[in-house]
Amino acid sequence: MFFFLMIRRPPRSTLDRSSAASDVYKRQEQASSLTLAAHQGVMDDPPCLHHSVRVGECLCGLAVLQQQIVISKDSSNDPRHMRHWPNMPHHQDICLPIKARGKVLGTLNVRVPPHRQMEQRELDLLNAVTDQMGVAIENAQLFEAVNRPVSYTHLTLPTSDLV
C-alpha cells in the first residue's frame, strides 16, 4: 500500500517536460508480472496501462529479466517492443529496473521523442533515480512489515492440552 502512495507521481526526467512521459511498474512476485503503479505525461492509451506485463515481455519485462537498462531508439519498429496500440507515436523507450539488494522490485519506463539524443549523464541520472527508488520502496516495505498487526492465534493451545 505505501508503495503506491510513495510513487503516486513518478519522476519527470531531466528531459523536456512537454514531451517526456514516464511509467512505474511494480513487480508482482507470485505472478511473475509487472503492473502499472503510476504514470506521468502519458497522453495516449497504451495497453500497459490496463494489462500486466509478464517478466521477459516487451521492453519493461526485458529490463526485469536482464536486470539492466533496456533502450529502444525507435519503439515503433523495435521487435522487442511487443505492445503496440492505434496511433502509437514514434518514441524512444528507456526501461530501467528498480532494484534493492539485487532483487528487482519494478521498472521505470521513460518515453522521449525519437529525435532526442540521450546523453550518458542523463542515463546515469535515471540509474541513480531508480537506485533511490529501490531503497525507498524497500524501506517502505520494511516499515509496513514492522507495523503490520501481529496475530497470536497460532500460539493458542488446544483445550485438550490444558487438562
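Up top is the structure these notes are about.
This is a predicted model, so every value here is computed, not measured.

Conventions adopted
Here the residue numbers are simple positions, counted from 1 along each chain's written sequence. Confidence filtering applies because this is a predicted model: local features only for residues at pLDDT of at least 70, side-chain atom pairs given and counted only at 80 or more, and all residues used for totals across whole chains, interfaces and linings. With hydrogens and water set aside, each side-chain value is computed from the structure's full complement of heavy atoms. Using a grid of 1 Å spacing that covers the protein atoms alone, one calls a set of points a cavity when a 1.4 Å probe fits there but cannot get out, and a pocket when the set is open and has protein on both sides within 12 Å along at least five of seven lines; lining residues are those with an atom within 4 Å of a point. Grid points are joined across faces, edges and corners, and a volume is the space filled by probe spheres set on the points. For the purposes of this entry, the term helix denotes a DSSP run of H or I that reaches at least four residues, the term strand denotes a run of E that reaches at least two, and both are numbered from the N terminus. Any residue outside Ala, Val, Leu, Ile, Met, Phe, Trp, Tyr, Cys, Pro, Asp, Glu, Lys and Arg is labelled polar, Gly included; the first ten of those are nonpolar and the last four are charged. Note: two strands are recorded as paired if DSSP finds a minimum of 2 bridges between them. Here, the term disulfide refers to a pair of cysteine sulfur atoms separated by no more than 2.5 Å. Buried means the residue's accessible area, taken with a 1.4 Å probe over protein chains only, is under 20% of the maximum for its type, while exposed means over 50%, and partly exposed covers the values in between. Throughout, a residue-residue contact means that at least one pair of heavy atoms, one from each residue, lies within 4.5 Å. Axis angles are defined between N-to-C directions and span 0 to 180 degrees, where every axis is a line fitted to C-alpha atoms and, for a helix, only to the segment in contact. The criterion is simple. A nonpolar core is a set of buried Ala, Val, Leu, Ile, Met, Phe, Trp, Tyr and Cys residues joined through side-chain atoms within 4.5 Å.

Caption draft 1: Geometry of the layout of surface pockets. Computed from the structure, the second largest pocket encloses a volume of approximately 160 Å³. The set of elements that each furnish at least two residues to the lining of the second largest pocket consists of β1 (21-28), β6 (103-112) and α3 (120-147). Split by residue class, the lining of the second largest pocket holds 4 nonpolar, 3 polar and 4 charged.

Caption draft 2: Expanded view of the pairing of strand β2 (residues 33-40). Alignment of β1 against β2, held across 7 bridges, turns out to be antiparallel. Bridge pairing links Ser22 to Gln40 in β2. Sheet topology note: the β2/strand β3 (residues 53-54) ladder contains 2 bridges and is antiparallel. Bridge pairing in β3 links Ser33 to Arg54.

Caption draft 3: Up close: the state of the cysteines. As enumerated under the stated definition, the model contains 0 disulfides in all. Not part of a disulfide, Cys95 finds its nearest cysteine sulfur in Cys60, a span of 3.5 Å. Residue Cys95 is classed as buried on the basis of its relative accessible area of 1%.

Caption draft 4: Quick peek at the sheet that holds β2. Ordered by their spatial adjacency, 6 strands build an open sheet running β3-β2-β1-β6-β5-β4, and the pairing between neighbours is antiparallel. The outermost strands of the open sheet, each flanked by one partner alone, are β3 and β4 (70-72). Sitting on the sheet, helix α2 (residues 58-66) is in contact with β1, β2, β3, β4, β5 (92-100) and β6, with an inclination near 145° to β6.

Caption draft 5: Representation of the nonpolar core. Ile94, Ile98, Leu108, Val110, Met118 and Leu126 are the most contacted members of the largest nonpolar core, which totals 15 residues. Listing elements by their share of this core, those giving two or more residues are β5, β6 and α3. Within the second largest apolar cluster, 11 residues are counted, among which are Tyr25, Leu62, Ala63 and Cys95.

Caption draft 6: Local environment of the pairing of β5. Summarising burial for β5: 8 of the 9 residues are buried, a large majority. Across 3 bridges, the pairing between β4 and β5 is antiparallel. The partner of Ile71 across the bridge, within β5, is Ile94. If you look at the hairpin formed by β5 and β6, you'll find 2 residues sitting between the two strands, and Arg101 has a positive phi there, around 55°.

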